[in-house]
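Below are the chains, spelled out letter by letter.
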Amino acid sequence: MEITTAFCIFLVLVLNAVKITSSVEDGLLYLDYYKETCPLAEEIVSRNVEIAVRKDPRMAASLLRLHFHDCFVMGCDASVLLDNYGDIISEKQAGPNLNSLRGFKVIDEIKYILEEACPLTVSCADILAMVARDAVALRGGPSWKVWLGRKDSLKASFDGANQFIPAPNSSLETLIANFNQQGLDVEDLVALSGSHTLGKARCLSFRQRVYDINMEEKYDKYQRYRTFRRVLRSICPESGRDDAIAPLDFITPAKFDNQYYINILGGNGLLGSDNVLVNEDHEGEIKKLVWAFASNQELFFSSFAKSVVKMGNINVLTGIDGEIRKNCRFVNA
């Protein structure tokens with residue numbers, strides 16, 4: 001029965017992937033976009049991501065997260081990279097990003113090298129898309145073809161960052177609504193949530209999940225997960241130590257794999273928004289996807305790659321819209 005369910009889900013996801021590919025082809029993103037104008041672009045990005053991740057393994061998750069947080073606010077346009085300047089209020093100052101997003105210096109270094117090699121050619125938005133792919137692959141995850149040709153935005157949206165980036169304590173209903181606003185469905189939600197197989201989160205992000213008595217009574221009435229809760233409480237007290245960190249996946253924290261889904265099936269997701277995929281799915285459809293990914297890593301990898309490509313096509317700027325920034329932190333003068 002489990003094999004049949006997983007196979008049916010796989011067929012649905014493959015059919016959805018065909019639709020995604022068609023939509024990208026119908027737009028203005030292309031494979032090998034820089035083949036003529038900057039032939040070493042992808043190699044330059046890949047090498048520098050490898051250097052950064054070898055120096056700091058946690059950087060893989062940070063670079064992937066930059067792409068997510070960029071695409072969920074106005075689309076994949078590198079608005080997340082803009083600093084405060086003039087009328088621009090940086091998205092870096094928004095609640096979900098402040099003292100949380102990392103990797104900006106890595107992007108700066110890659111952009112500097114690309115500008116030396118191919119001035120005003122490779123967009124910051126495309127760098128974020130390529131970096132996400134390479135970061136995942138370096139930690140044992142899938143790789144995928146990156147569609148390129150995005151332009152960079154001329155503005156940022158501080159309010160949008162506060163409004164559209166899913167919060168770590170979101171309900172399942174809120175998560176579904178957030179993803180739907182971006183043109184992403186429940187399959188994308190479950191697949192992209194698997195990115196929490198990498199990285200760490202601050203105490204501030206998971207404190208409610210640890211100390212909320214109502215949540216404990218509702219989802220842990222038999223107190224099966226007391227050991228995990230005790231571990232989290234030792235890291236994150238009820239007050240103070242807001243910046244103390246814990247791995248999103250305690251079992252294989254530095255490896256991109258399907259352990260995340262096994263964790264949440266056991267009630268051991270770090271964030272409240274992880275556990276609701278199972279706890280609040282009353283119809284059972286999302287739980288079937290979680291089970292499928294938990295039991296079949298290749299299925300998860302395939303689905304994750306397709307969903308990242310789909311996300312990477314959200315409201316992209318192409319043609320005469322936007323620009324190619326010389327410095328990813330500022331719009332061109």
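Residues numbered from 1 in each chain as written. Predicted model: local features only at pLDDT ≥ 70, side-chain atom pairs only at ≥ 80, totals over all residues. Heavy atoms only, no water.

*Asks:* I'd love a proper account of the overall build of the protein chain, names of residues and values included.
*Replies:* Per the secondary structure count, the protein chain includes 15 helices and two strands. Looking at the protein chain alone, contacts between residues at least 24 apart form 77% of all its contacts between residues at least 6 apart. As presented, the protein chain carries roughly 15600 Å² of accessible surface, and 54% of it is formed by carbon and sulfur atoms. (Helix = DSSP H or I, 4+ residues; strand = E, 2+ residues; numbered from the N terminus. Contact = heavy atoms within 4.5 Å. Areas by Shrake-Rupley, 256 points an atom, 1.4 Å probe, with all protein chains shown as cover.)

*Asks:* A description of the state of the cysteines should follow, citing residues and the corresponding values.
*Replies:* As enumerated under the stated definition, the model contains four disulfides in all. Counting its disulfide-bonded cysteines in sequence order, the protein chain shows a connectivity of 1-4, 2-3, 5-8, 6-7. (Disulfide = S-S within 2.5 Å.)

*Asks:* Please provide a residue-by-residue account of a nonpolar patch on the surface, values included.
*Replies:* Side chains of Leu28, Tyr30 and Tyr33 sit close together on the surface and give an oily, nonpolar patch of about 290 Å² of accessible area. Considering the arrangement of structural elements, one finds Tyr30 in the loop between α1 (2-26) and α2 (41-55). (Patch = residues over 30% accessible without salt bridge, like charges linked within 9 Å, V, L, I, M, F, W, Y side chains within 5 Å. Salt bridge = Lys/Arg side-chain N within 4 Å of Asp/Glu carboxyl O.)

*Asks:* Which residues make up the environment of Ala125, and what values go with them?
*Replies:* Mapped onto the elements of the fold, Ala125 is located in helix α5 (residues 124-138). We classify Ala125 as buried; its relative accessible area is 1%. Counting along the chain gives 48 residues from Ala125 to Asp77, while the straight-line C-alpha distance between them is 5.0 Å. Not counting residues up to four positions away in its chain, the partners in contact with Ala125 are Cys76, Asp77, Ala78, Arg150, Lys151 and Asp152. (Buried < 20%, exposed > 50% of the residue type's maximum accessible area, 1.4 Å probe, protein only.)

*Asks:* Residue-level account of helix α7 (residues 172-181), with values.
*Replies:* Burial in α7 covers these residues: Leu172, Leu175, Asn178 and Phe179. Buried residues of α7, viewed axially, fall in a sector of 125°; they line one side. Where α7 is buried, its residues touch α6 (158-164), α8 (186-193), α13 (272-279) and α14 (285-295). Once α7 ends, the next one or two residues include Gly183, with phi positive near 80°. (Arc of directions from axis to C-beta.)

*Asks:* Account for the confidence of the model for the protein chain, naming residues and giving values.
*Replies:* Parts of the prediction with low pLDDT should not have their coordinates interpreted in detail. Per-chain confidence: the protein chain averages 90 in pLDDT, with 88% of residues scoring 70 or above. Contacts for the low-pLDDT stretch residues 1-26, under 50 throughout, to residues beyond four places or in other chains number 28 contacts. (pLDDT = per-residue confidence, 0-100.)

*Asks:* Explain unusual backbone geometry residue by residue, including any values.
*Replies:* Positive phi, normally seen in glycine, also occurs at Ala78, with a value near 65°. Of note, Ala78 is situated in the loop between α3 (59-71) and α4 (104-117). Assessed through its relative accessible area of 0%, Ala78 is described here as buried. A positive phi angle, close to 55°, is found at Arg241, a residue other than glycine. Examined against the element boundaries, Arg241 turns out to sit in the loop between α11 (226-235) and β2 (245-247).

*Asks:* Talk me through α3; I want residue IDs and the actual numbers.
*Replies:* Across its 13 residues, α3 extends 19 Å between first and last C-alpha, which sits within 8% of the 18 Å expected from 1.5 Å per residue. When α3 is considered as a whole, its buried residues turn out to be Met59, Ala60, Ala61, Ser62, Leu63, Leu64, Leu66, His67, Phe68, His69, Asp70 and Cys71. Against α2, α4, α5, α8 and α15 (297-311) lie the buried residues of α3. (Expected span 1.5 Å × (residues − 1).)

*Asks:* Account for the packing of aromatic side chains, naming residues and giving values.
*Replies:* Given two aromatic rings, one states the distance between the centres and the angle between the planes to describe the pair. A complete count under the given rule lists 15 aromatic pairs for this structure. Plain terms: the ring middles of Phe256 and Phe301 are 5.9 Å apart, the flat faces sit at 45° to each other, and that makes the pair tilted. With a gap of 45 residues between them, Phe256 in the loop between β2 and α12 (259-265) and Phe301 in helix α15 connect regions that are remote in the sequence. Comparing Phe256 with Phe301 shows no difference in burial state: the two are buried. An aromatic cluster is present here, built from Trp144, Phe256, Tyr260, Tyr261, Phe293, Phe300, Phe301 and Phe304 joined pairwise through their rings. Positioned above the aromatic ring of Phe104 is the side chain of Lys92, whose terminal nitrogen or guanidinium carbon lies 4.3 Å from the ring centre. (Phe/Tyr/Trp six-rings, centres within 6.5 Å; stacked < 30°, edge-to-face > 60°. Lys NZ or Arg CZ within 6 Å of the ring centre and 35° of its normal.)

*Asks:* I'd like a rundown of the side chain of Thr318, residues and numbers included.
*Replies:* Summarising the element assignment, Thr318 is placed in the segment after α15. The class of Thr318 is buried, set by a relative accessible area of 14%. If we ignore the near neighbours within four places in the chain, the residues touching Thr318 are Leu28, Leu29, Gly149 and Lys151.

*Asks:* Pulling in residues and values, what's your account of the packing of α8 against α14?
*Replies:* Where α8 contacts α14, the two axes come as close as 10 Å, and the packing angle between them is 40°. As far as their axial angle goes, α14 and α8 are oblique. In this structure, α8 meets α14 at a crossing whose hand is right-handed. Of the residues in α14, those in contact with Val186, Glu187, Val190 and Ala191 of α8 are Ile286, Leu289, Val290 and Phe293. Considering only residue class, the contact of α8 with α14 consists of seven nonpolar, no polar and one charged. (Axes fitted to C-alpha atoms, helices over the stretch in contact; angles between N-to-C directions. Parallel < 35°, antiparallel > 145°, perpendicular 65-115°, else oblique. Left-handed = near helix turned anticlockwise from the far one by under 90°. Nonpolar A, V, L, I, M, F, W, Y, C, P; charged D, E, K, R; others polar.)

*Asks:* Go over the nonpolar core, please, and point to the residues and values.
*Replies:* Counting residues in each nonpolar core, the largest one holds 80 residues, and the members touching the most others are Leu63, Leu81, Ile107, Leu114, Tyr261 and Phe304. Sequence-distant contacts of Ile107, that is, excluding residues within four places in its chain, are made with Leu63, Leu66, Leu81, Ile127, Leu128, Val131 and Cys328. By size, the runner-up hydrophobic cluster in this structure holds 14 residues, among which are Tyr211, Ile235, Ala246 and Leu271. (Core = buried A, V, L, I, M, F, W, Y, C linked by side-chain atoms within 4.5 Å.)

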